[in-house]
Amino acid sequence: MKLFILNNVLSDWTSGMAVIAAESKDQCREIFIKEFGDYHAKDFDEYARFTIIESVGLDEAGIIEYVYGGG
């Protein structure tokens with residue numbers, strides 16, 4: 001399991017972020033869209049800056065934490 005730290009997503013006037021546990025970037029995207037909807041798909045596809053931590057000790061994929069950007 002990898003930990004994906006996404007910066008520059010869930011944005012209004014300032015950047016938000018999300019931390020997602022997933023096996024791959026594709027699975028990370030699926031989890032992100034399922035949680036935040038198609039409205040934020042562009043955030044993931046075009047604006048997200050990724051930091052990936054390999055081999056974290058988590059067994060289940062999913063959202064770990066997120067913060068919406070404010071206005």
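Here the structure is a predicted model, which is why all the values come from computation and not from measurement.

K.L.:
Is there a simple way to explain the sheet that holds strand β2 (residues 16–22) in this structure?
P.N.:
Within a beta sheet, neighbouring strands are joined by backbone hydrogen bonds and run either parallel or antiparallel to one another. With respect to topology, four strands assemble into an open sheet ordered β3-β1-β2-β4, the strand pairing being antiparallel. The sheet is open, and its two edges are formed by β3 (49–53) and β4 (62–67), each paired on a single side. Pairwise comparison of adjacent strand axes, ignoring direction, gives a mean angle of 15° for this sheet. Note: strand β1 (residues 2–9) against β2, seven bridges, orientation antiparallel. Residue pairing in the sheet places lysine 2 in a bridge with alanine 22 of β2.

K.L.:
Explain the environment of glycine 37 here, please?
P.N.:
Along the chain, glycine 37 turns up in the loop between α1 (25–36) and α2 (41–47). Sequence separation of glycine 37 and lysine 25 is twelve residues, and the distance between their C-alpha atoms is 17 Å.

K.L.:
Which parts of the structure should I look at to understand the nonpolar core?
P.N.:
Nonpolar side chains in soluble globular proteins tend to end up buried together. Residues Leu6, Val9, Leu10, Ile20, Ala22, Cys28 and Phe32 are the most contacted members of the largest nonpolar core, which totals 15 residues. Of all the secondary structure elements, the ones that give two or more residues to this core are β1, β2, α1 and α2. In terms of residue count, α1 provides more of this core than any other element does, five residues in total. If sequence neighbours within four positions are ignored, phenylalanine 32 has contacts with Leu6, Val9, Leu10, Ala18, Ile20, Gly37, His40, Asp43 and Phe44. Residues Met1, Ile5, Val19 and Val56 belong to the second largest nonpolar core, which totals six residues.

K.L.:
Would you mind showing me how to read the pattern of salt bridges here?
P.N.:
Note that side chains of opposite charge can pair when their charged atoms are close. Overall, the coordinates contain two salt bridges when judged by the stated rule. Residue lysine 2 pairs with glutamate 54 through a salt bridge whose shortest N-O separation is 3.9 Å. One end of the pair, lysine 2, is in strand β1; the other, glutamate 54, is in the loop between β3 and β4, with 52 residues separating them in the sequence. Judged by relative accessible area, which is 26%, lysine 2 ranks as partly exposed. Between aspartate 45 and arginine 29 there is a salt bridge, and its shortest N-O distance comes to 2.7 Å. Note that aspartate 45 is positioned in helix α2 and arginine 29 in helix α1, a separation of 16 residues in sequence. Here aspartate 45 falls in the partly exposed class, since its relative accessible area comes to 46%. Its relative accessible area of 30% is what places arginine 29 among the partly exposed residues.

About the thresholds
Residues numbered from 1 in each chain as written. Predicted model: local features only at pLDDT ≥ 70, side-chain atom pairs only at ≥ 80, totals over all residues. Heavy atoms only, no water. Pairing = 2+ DSSP bridges. Helix = DSSP H or I, 4+ residues; strand = E, 2+ residues; numbered from the N terminus. Axes fitted to C-alpha atoms, helices over the stretch in contact; angles between N-to-C directions. Core = buried A, V, L, I, M, F, W, Y, C linked by side-chain atoms within 4.5 Å. Buried < 20%, exposed > 50% of the residue type's maximum accessible area, 1.4 Å probe, protein only. Contact = heavy atoms within 4.5 Å. Salt bridge = Lys/Arg side-chain N within 4 Å of Asp/Glu carboxyl O.

Function-wise, these values are silent; they only describe arrangement.
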